[in-house]
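Residue-level structural notes
One-letter residues, chain by chain:
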Amino acid sequence: MIYITSEPLNPQEITDLVCKDSNGAVITFLGTTRDFSEGRDVLYLEYEAYQPMAENMLHQIADEVRERWGIEDIAIAHRVGKLEIGEISLVVAMGSPHRKEAFEASQYAMDRIKSIVPIWKKEVFKGGEAWIGGQEEGATTPAP
Amino acid sequence: MKVSVRFFALYRERAGVSQTEVDLPEGTTPKELLTRLRSSYSSLPLSDSVLIAVNSEYVNPEAPLHEGDEVAFIPPVSGGET
C-alpha cells in the first residue's frame, strides 16, 4: 500500500501490511523531522506534494523494487502538511524472505524517493524559512 | 491551445500562484513554455535543467505539448529524510 496523507503516520500499522508468514525479514524505515539543520534551530517543517504524481512515482519505485529484488511486500507512506520536530514524515516497510534483499531494496527505495518523488520540505527556523533542496540563490527567505 | 501550469513549493511562493492557464501556439514545447514563464514571472528561479512533468509524468522538455495538458515545473525534491 502506498499513500500520502496529512494525518500522523502509524509505523506499526504500515509494518503490519508487509508481515507475512513467508517473510523472514521485515525492515521499516522511519524518516523523522530533525531540530537542527545547517546551523539553524528548526522550529517546525512543512511538506508539500504534487499528490497524484508523487503517488505515481512511489508506485513506480515499488515496481522497480519488485523487478530488481522480487520483493512483493512494500508499503510506503509519506506525510504532508505541518510537522512538529520529532514527528514521522516517511515510513518505508519491506517484507522479504531474506534480510539481504530487504536491506538493499530499502536503501534503493530511499535514494529513489529522495530523487524523483515530487515532495518538498520547508524548514521554518529562528529568523527565517527555506525550501530544502532549493539551492538556487535566494532560496532562503528571511522572516518578515 | 490551452494548457494549465502548476507551481509547487519555492516556485509557488515566487510565482504567487499555484496554478495558471496559458494559451500557446500549437506545438509549443515545455522548454519554450519555460522561456515564456521566465519573462512573465521574473522572480521565478527556473533553471534550464529544471525537471518538467506533463500530466504527472517526467517528460523530455522538447516534446510538444497538447491541448489540455497539465505542465508542472518540479523544484529540486526533498522527499523524506536522510
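Scroll up for the structure.
A brief report on the enclosed structure follows. Source: prediction; values computed, not measured. (Residues numbered from 1 in each chain as written. Chains lettered and ligands numbered in written order. Predicted model: local features only at pLDDT ≥ 70, side-chain atom pairs only at ≥ 80, totals over all residues. Heavy atoms only, no water.)

The next thing to look at is the pairing of strand β8 (residues 119-125) of chain A. Residue and element names in this part refer to chain A. With seven of seven residues buried, β8 is to be regarded as a mostly interior element. Every second residue of β8 is oriented toward a common face, with I119, K121, E123 and F125 on one face and W120, K122 and V124 on the other, all of them buried. As judged from the seven bridges shared by strand β4 (residues 40-49) and β8, these two strands associate in the antiparallel manner. From the neighbouring strand, A49 faces β8, where its bridge partner is I119. As judged from the five bridges shared by β8 and strand β9 (residues 128-132), these two strands associate in the antiparallel manner. (Buried < 20%, exposed > 50% of the residue type's maximum accessible area, 1.4 Å probe, protein only. Helix = DSSP H or I, 4+ residues; strand = E, 2+ residues; numbered from the N terminus. Pairing = 2+ DSSP bridges.)

Let's shift gears to the sheet that holds strand β4 (residues 57-58) of chain B. Residue and element names in this part refer to chain B. Spatial strand order, β2-β1-β5-β3-β4: five strands in an open sheet with mixed pairing. Lying at the two open borders of the sheet, with one neighbouring strand each, are β2 (19-23) and β4. When strand β1 (residues 2-7) meets strand β5 (residues 70-74), the two strands line up parallel, connected through four bridges. Pairing of F7 across the sheet is with F73, part of β5.

This part takes up the sheet that holds strand β2 (residues 25-32) of chain A. Residues and elements named next belong to chain A. Overall, mixed pairing links the four strands, which are arranged β1-β5-β7-β2 in an open sheet. Strands at the two margins of the open sheet, each flanked by one partner only, are β1 (2-5) and β2. The average angle at which neighbouring strand axes cross in this sheet is 10°, direction not considered. Together, β1, β5 (73-79) and β7 (88-96) form the strand contacts of helix α2 (residues 51-69), whose direction differs from that of β1 by roughly 150°. (Axes fitted to C-alpha atoms, helices over the stretch in contact; angles between N-to-C directions. Contact = heavy atoms within 4.5 Å.)

It is worth spelling out a negative patch on the surface at this point. Residue and element names in this part refer to chain B. Taken together, the side chains of E21, D23, E26 and E67 make up a negatively charged region of the molecular surface. For D23, the position within the fold is in strand β2. Of the residues examined, D23 reaches a relative accessible area of 45% and is grouped as partly exposed. (Patch = residues over 30% accessible without salt bridge, like charges linked within 9 Å, V, L, I, M, F, W, Y side chains within 5 Å. Areas by Shrake-Rupley, 256 points an atom, 1.4 Å probe, with all protein chains shown as cover. Salt bridge = Lys/Arg side-chain N within 4 Å of Asp/Glu carboxyl O. Lys, Arg positive; Asp, Glu negative; His and termini not counted. Charge placed at Lys NZ, Arg CZ, Asp CG, Glu CD.)

It is worth spelling out the pattern of salt bridges at this point. Applying the stated criterion to the full structure yields 15 salt bridges over all chains. Of the charged contacts, one joins K122 of chain A and E129 of chain A as a salt bridge, the two residues approaching to 3.1 Å between their closest N and O atoms. The partner of D48 of chain B in a salt bridge is R38 of chain B, with the nearest N and O atoms 2.8 Å apart. Remark: R38 of chain B occurs in helix α2 (residues 30-40) and D48 of chain B occurs in the loop between α2 and β3 (51-54); sequence separation between them is ten residues. In this structure D48 of chain B comes out as exposed when scored by relative accessible area, which is 66%. Exposure remark for R38 of chain B: the relative accessible area of 29% places this residue in the partly exposed category. A cluster of three or more residues bridged by salt bridges with shared partners is formed by D63, R66 and E72 of chain A.

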